[in-house]
Each structure stands twice: as structure tokens, then as C-alpha cells.
Amino acid sequence: MKSVQPMLKKTKTALPEPSRRRKGDGSSASESGRFYYKGNRQKQMRAFVYTVKLGTLTRAAEALFLSQPTVSLQLQALERELGVSLLERRRRRINLTDAGEALYELARPLVEGWENLDRDFHARVKGMQGGRLTIAAGSSTIQYLLPDLVRRYRESFPSVQLQLANVTGKDGLALLRADEADFAVGSMLDVPNDIAWAPVLHYDPMLITPRDHPLAAKERITLEDLSPYGLILPPQRLSTYRLVDLVFQQRQVPYHVAIEVGGWDVIKEYVAMGLGISIVTGICITDADRSRLAVRNMKQYFPQRSYGVVMRKGKFLSAEARAFVDLVRPGLLTHRDYDESGHSER
């Protein structure tokens, strides 16, 4: 394949200016476009990767600040030059062919590296001096899951300005879609089409009661055994409340909520005071809690809660963000869903 520079030179000499074009000359605007788009492989690859990531020509054109016909021409030139069909266009969606899948795996890291070249270069030269990282997470995640990760991150990258946005699930998704957070860490029950979630840690549901509670001495606890006692749960808008309610409703077991209050520490304190019982996620149970509370695993009735990294599909992560995700689990970003496009729920 010819190099880019000779091709650009051919473009300048082979195409006469309009004022000098002779009658019967075979040159045309379409030929000019063909040589132009063929002559810039980087633009072709950016158009291809953005189209795959974002799912439509329109969204790719908006992200690249180009017109839709321009993006279409770049894709056509790329397919023509490679001699294969890369994309299948079906109504509003774009699907990859087998050849397109192979090219995407090669082109994505190249384009992503080019997009972040300046930032990554300065980060490496300065040891990530002056970078910024914003992570969205809920209160329980910030309190129980992130402290060790944040400590290790600060030891390696002390100059990065780290912001932990304490938000609920819906507000966290809004930050991701507005690019006001690099990614989120937390648990998800429903995953929208434009969001990728890779669970990493899994925790069992736990029943907590005072140590002198009748249920504490019971050998086997059923869901029906909980009915006589008031539950202390987080507010209804949070996923824990919804999950507990769903389990009781599906099994047609009556229950009642005595207190709604936010924060696992508050719930544990109220249970220890004898104000009720609760179903909590194992992430919040500490050794100190086991010394003052009766803790029983309820995984036979309630599902595990999984915590992991949440991000918008097609998001280019900075070097600062990638470094933190690697602390969560090395190689997590090779998960295929992170590179797939998804229809926005906005």
C-alpha cells in the first residue's frame, strides 16, 4: 500500500484547477473526494471507530464536528481501499461485519491513544501532575468499598485531584451521560443500553438483629419469620428498599417497614438499640458490628449485590481514570461492553 505522503502529492498534481480543466477531462468532484478521503487514513479510522462506538452516523458526525455526508464518505473510502464491507446499515443502527469486528479491535486502541496522546504524554512526563479524576458513587460504596482503593491511588498519584461525587444511582447515570464523571463505582439492578457495567465484588444479603432478639437464637430463619417484626430500611428511592420489597411481594409474604432512614451506619445503630431489624448488604458488616449485632446470611431468599465499575459505552478514559480502574481489577477495561455502542437513554 502506498504511503500517505506520495498520495497527497498525487492529489495536488493530478487534479487540475477548475479554471484550467479541459473539455472532456475525466476528472470529477467524486474523484477528488475519493483521493482526498483515501489520502487521510487517520480521519477514516476516527470516523469508523466513532461510528461503531456511538452507533449511528449522526452521533459520530456530531462528536467529530463533521457533517454526516463527510463521515459517510470517509467510511466508504475506507471500505473501498481495504476491499471489504465493514458495516451493515440497518435503519438507524450500525452493525459490524466480521471484517469490521477485526478492524475495530485493531483501530480502537490506535484512535483512543491518539485522542489522549497529549494528555497521556504530559501525565507521564509530569508523573500525573495536575490531573483530575471524578468518580460517582453512593454513600455505602464511598464508606466501605473505596477507602482502600483511594489510599492506594493517592500513594501512587498524589498530584491527581480526586473528586468522589456522592450520588444515588439515577444521579450517577446523569453525571456519566453529561461527562461530568469519568466513571462510577457501585451496584446496579437495571443496566440501560448506553451504559456498561462490569461487576467485580459480590456480597451476600444479611439479616441483622439485636443479639437478644428472638430471631438471633433461631436455628433456621424463613422469610415468614420476619413478618412480625418492623424493618428498618433505606428510603424507597434506593435500590435496597426496592429489592427487599420485590422479594416479599413475589413470595406473597406480608411485611411492614417501621423506619425509613438513610445510611448503613444509622440503620445498624437503630437495630442495635432494638428499634427494629434490617436486611443489609454484606459490604457494610464489620467485625465491630458482629460483636454487637446478630448477623445471619439470607442469600436463600435475597440475591447477592454486586459492585463494580460503571461507565458510558464509548467513553474514552483518561490516563488518570484508567489507573484507578486498574486498581479495582487489572485488565477490567478489556471487557467488550465498554467498547460497544449503545442507544442513549437521555
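In this text the structure is predicted, and so the values were computed from the model without any measurement.

Caption draft 1: Representation of the overall build of the protein chain within the structure. If you tally the helices and strands in the protein chain, you get 13 helices and 12 strands. A total of 346 residues make up the protein chain; the buried ones form 45% of that total. Total accessible area on the protein chain stands at roughly 18,700 Å², and carbon and sulfur atoms take up 50% of it.

Caption draft 2: Spatial organisation of the packing of aromatic side chains. Applying the stated criterion across every chain, the model contains eight aromatic pairs. Both rings, one in Y153 and one in F157, keep their centres 5.0 Å apart while their planes meet at 55°; by these two values the pair is tilted. Ring geometry for Y203 versus Y307: centroids 5.7 Å apart, planes at 85°, classification edge-to-face. Of this pair, Y203 sits in strand β6 (residues 195-203) while Y307 sits in strand β12 (residues 305-312), and the two are 104 residues apart along the sequence. Its relative accessible area of 21% is what places Y203 among the partly exposed residues. Under the relative-accessibility criterion, Y307 is labelled buried at 4%.

Caption draft 3: The pairing of strand β9 (residues 257-260), seen in detail. Across three bridges, the pairing between strand β8 (residues 231-233) and β9 is parallel. Bridging across to β9, L233 finds its partner in E260. A crossover connection joins β8 to the parallel β9 through helix α10 (residues 239-250); in handedness this β-α-β unit is right-handed.

Caption draft 4: Just the environment of A47, in detail. Relative to the elements of secondary structure, A47 occurs in helix α3 (residues 41-54). Sequence-wise, A47 and L75 are 28 residues apart; in three dimensions their C-alpha atoms are separated by 6.7 Å.

Caption draft 5: Spotlight on the nonpolar core. In this structure, L133, F183, V280 and F324 are the most contacted members of the largest nonpolar core, which totals 37 residues. In contact with F324, other than residues within four places in its own chain, are L133, I135, L146, L149, V150, Y153 and F183. Formed by 22 residues, the second largest nonpolar core is a distinct cluster that contains A47, V52, L87 and V111.

Caption draft 6: Region of interest: the side chain of S306. Along the chain, the position of S306 falls in strand β12. Assessed through its relative accessible area of 14%, S306 is described here as buried. Side chain to side chain, S306 and H202 meet in a polar contact 2.6 Å long. Residues within four places of S306 in sequence aside, it is in contact with G186, S187, M188, W197, P199, L201 and H202.

Caption draft 7: Examining the environment of H202 more closely. You can see H202 is positioned in strand β6. Between the C-alpha atoms of H202 and R305, which are 103 residues apart in sequence, the distance is 5.8 Å. What H202 contacts, discounting residues up to four positions off in sequence, is Q304, R305 and S306.

Caption draft 8: The packing of helix α8 (residues 139-156) against helix α11 (residues 264-272), seen in detail. Following both chains from N to C, one finds α8 and α11 inclined at 85°, their axes separated by 9 Å at the closest point. Classified by the angle their axes make, α8 and α11 are roughly perpendicular. Residue-level contacts link S140, Q143 and Y144 of α8 to W264, D265 and K268 of α11. Classifying every residue of the contact of α8 with α11 gives two nonpolar, two polar and two charged.

Caption draft 9: Representation of the sheet that holds β12 within the structure. Spatially, the five strands line up as an open sheet ordered β4-β3-β5-β12-β6, and their pairing is mixed. Of all the strands in the sheet, the pair left with one neighbour each is β4 (161-166) and β6. With direction set aside, neighbouring strand axes in the sheet form an average angle of 20°. Two strands pair when backbone bridges link them, and β6 and β12 are joined in this way by eight bridges, in the antiparallel orientation. Bridged to W197 within β12 is V310. Across the sheet, helix α9 (residues 169-177) touches β3 (132-137), β4, β5 (183-186), β6 and β12, and the angle it forms with β12 is around 25°.

Caption draft 10: View of the sheet that holds strand β7 (residues 205-210). If you walk across this open sheet you meet the three strands as β10-β7-β11, and the pairing is antiparallel. Whereas interior strands pair on both sides, the edge strands pair on one side only; in this sheet they are β10 (278-281) and β11 (293-297). Pairwise comparison of adjacent strand axes, ignoring direction, gives a mean angle of 35° for this sheet. Strand direction decides the pairing type here: β7 and β11, joined by five bridges, are antiparallel. Each residue of the ladder has a partner; that of T209, found in β11, is A294. Across the sheet, α11 is in contact with β7, β10 and β11; its angle to β10 comes to roughly 145°.

About the criteria used
- Residues numbered from 1 in each chain as written.
- Predicted model: local features only at pLDDT ≥ 70, side-chain atom pairs only at ≥ 80, totals over all residues.
- Heavy atoms only, no water.
- Helix = DSSP H or I, 4+ residues; strand = E, 2+ residues; numbered from the N terminus.
- Buried < 20%, exposed > 50% of the residue type's maximum accessible area, 1.4 Å probe, protein only.
- Areas by Shrake-Rupley, 256 points an atom, 1.4 Å probe, with all protein chains shown as cover.
- Phe/Tyr/Trp six-rings, centres within 6.5 Å; stacked < 30°, edge-to-face > 60°.
- Pairing = 2+ DSSP bridges.
- Right-handed = clockwise from strand over helix to strand, strands pointing away.
- Core = buried A, V, L, I, M, F, W, Y, C linked by side-chain atoms within 4.5 Å.
- Contact = heavy atoms within 4.5 Å.
- Polar contact = N/O pair within 3.5 Å; in protein donor to acceptor, adjacent residues only side chain to side chain.
- Axes fitted to C-alpha atoms, helices over the stretch in contact; angles between N-to-C directions.
- Parallel < 35°, antiparallel > 145°, perpendicular 65-115°, else oblique.
- Nonpolar A, V, L, I, M, F, W, Y, C, P; charged D, E, K, R; others polar.

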